[in-house]
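# What the coordinates show
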Amino acid sequence: MFPAATLLADAPPSAGSSALCVNRSTLVPSALPAAVSAALWRGDQLGSAVARVYPSGFEALDAVLPGGGWPGHSLTEILTAHSGTLEWRLLGSLLRDVCAAGRSVVLVGPPRQPHVPGLRLAGLSEKQLVWIQAETPAERLWSAEQLIKANACGALIAWLPQVRAEQIRRLQVLAAGCEAPVLVCRPASAAQESSAAPLRLLARTGLDWELHVEVFKRKGPPLDATLRLPSVPAGLQSILTPRLRLPSALRPRDLPRDPARVEVIDREAEHALVRTPVKPFERRRTAPH
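Read on for a plain summary of the structure. None of these values were measured; they are calculated from a predicted model.

### Comments concerning the overall build of the protein chain
Along the backbone of the protein chain there are eight helices and ten strands. Residues counted as buried form 32% of the 289 residues belonging to the protein chain. Taken as a whole, the protein chain presents about 18800 Å² of accessible surface, with 57% of it coming from carbon and sulfur.

If you want it as structure tokens, here you go:
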């Protein structure tokens, strides 16, 4: 729907009728009030921060997220192939900031029990961690909805592997009134499904202690590049040697193939795999005593 003033401004005044005078400068985004201009988003531009955002701790990721971080008053989906592991590495900086501010981090239905020593190494305090053990999808969804309505935590992470599209839409509507970031973790296969979440990411592991992140839905133009975020687990940072920090450098490089050498190797390999035929089992008959 286009505003009536815009349509009338573009149409020439008809004869015998009073001309409607519309100031076109009022339709320019720069001439709008600051609050309205901040909320205005064009599809070919990266969305700006309308509400509070929380830095992710990765400069490359903040550069492509609308507003420059994890959004508040909104719903974010994080898709991974192995739930319960990569989420901590991707959200570690956010959760540290929440704990440092004295707020609580609430987990709804994590697939694995939180490992307290590992959380301490990552800078998270178990005193500010609330774990809600909800088994069924209905219990997880109900718990997430009540926490979003209460707006009583610094960050909410809910694992909802079996959530439906209409339920995601409801969570997004509720999250609009929640200041804290609301993050829903789902399996990677959910990337093929439609979702009302304004921000969706797909995370997987890389070779050199990296996280490969694809931002495939955001307020902005499509992002075709895959982000490679350095993410060494907290417990390994102090013990990894310089060589082990780059495991890809330890892999054997592909050498030029010499046809003669390849033939010899193939013959030797074939010979090594040949097994001596085994005689069929014969039952021995013993003479009667």
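Moving on from the model shown.
### Comments concerning empty space enclosed by the protein
Inspection of the entire model under this criterion finds one cavity of 30 Å³ or more. Put simply, the largest cavity is a space of about 40 Å³. Around the largest cavity, the lining residues are Leu 95, Cys 99, Val 105, Leu 119, Leu 124, Ser 125, Glu 126, Gln 128 and Leu 129. Taken together, the residues of the lining of the largest cavity break down into six nonpolar, two polar and one charged.

### Overview of the nonpolar core
Counting 32 residues, the largest nonpolar core has Leu 61, Trp 70, Leu 90 and Val 213 as the members making the most contacts within it. Breaking this core down by element, the ones donating at least two residues are helix H4 (86–100), strand E4 (105–108), strand E6 (155–159), strand E7 (182–187), strand E8 (199–205), strand E9 (210–217) and strand E10 (227–230). In terms of residue count, H4 provides more of this core than any other element does, seven residues in total. Residues Leu 141, Cys 153, Val 163 and Ile 168 belong to the second largest nonpolar core, which totals 20 residues.

### Focus: H4
Taking 1.5 Å per residue, 15 residues should reach 21 Å; H4 reaches 22 Å between its end C-alpha atoms and fits that length. Within H4, the axis deviates most sharply at Gly 92, by approximately 60°. Listed in full, the buried residues belonging to H4 are Leu 86, Glu 87, Leu 90, Leu 91, Gly 92, Ser 93, Leu 94, Leu 95, Val 98 and Cys 99. Positioned one or two residues after H4, Gly 102 has a phi angle of 80°, which is positive.

### Notes on the side chain of Ser 195
Looking at the secondary structure, you find Ser 195 in the loop between E7 and E8. Among residues more than four places away in sequence, those in contact with Ser 195 are Glu 77, Ile 168, Arg 186, Arg 200 and Lys 217.

### Examining the pattern of salt bridges
Evaluation of the coordinates by the stated rule reveals nine salt bridges. Taking the shortest distance from any N to any O, the salt bridge between Glu 179 and Arg 52 comes out at 3.6 Å. Remark: Arg 52 occurs in the loop between helix H2 (34–39) and strand E1 (53–54) and Glu 179 occurs in the loop between helix H7 (165–175) and E7; sequence separation between them is 127 residues. Since its relative accessible area comes to 35%, Glu 179 is described here as partly exposed. Accessibility expressed as a relative area gives 48% for Arg 52, which makes it partly exposed.

### What to know about the layout of surface pockets
Within this model, the largest pocket holds a volume of roughly 670 Å³. Lining the largest pocket are 27 residues, and of these Trp 88, Arg 89, Gly 118, Ala 122 and Ala 234 sit closest to its centre. At the level of elements, H4 and helix H5 (116–121) are the ones that each hand at least two residues to the lining of the largest pocket. Counting residues per element, the lining of the largest pocket draws most heavily on H4, which supplies five residues. In terms of residue class, the lining of the largest pocket is built from twelve nonpolar, twelve polar and three charged.

About the cut-offs
- Residues numbered from 1 in each chain as written.
- Predicted model: local features only at pLDDT ≥ 70, side-chain atom pairs only at ≥ 80, totals over all residues.
- Heavy atoms only, no water.
- Helix = DSSP H or I, 4+ residues; strand = E, 2+ residues; numbered from the N terminus.
- Buried < 20%, exposed > 50% of the residue type's maximum accessible area, 1.4 Å probe, protein only.
- Areas by Shrake-Rupley, 256 points an atom, 1.4 Å probe, with all protein chains shown as cover.
- 1 Å grid on protein atoms, 1.4 Å probe; cavity = no way out; pocket = protein on both sides within 12 Å on 5 of 7 lines; lining within 4 Å.
- Points joined across faces, edges and corners; volume = space filled by probe spheres on them.
- Nonpolar A, V, L, I, M, F, W, Y, C, P; charged D, E, K, R; others polar.
- Core = buried A, V, L, I, M, F, W, Y, C linked by side-chain atoms within 4.5 Å.
- Expected span 1.5 Å × (residues − 1).
- Bend = angle between axes of the 7 residues up to and from the residue.
- Contact = heavy atoms within 4.5 Å.
- Salt bridge = Lys/Arg side-chain N within 4 Å of Asp/Glu carboxyl O.

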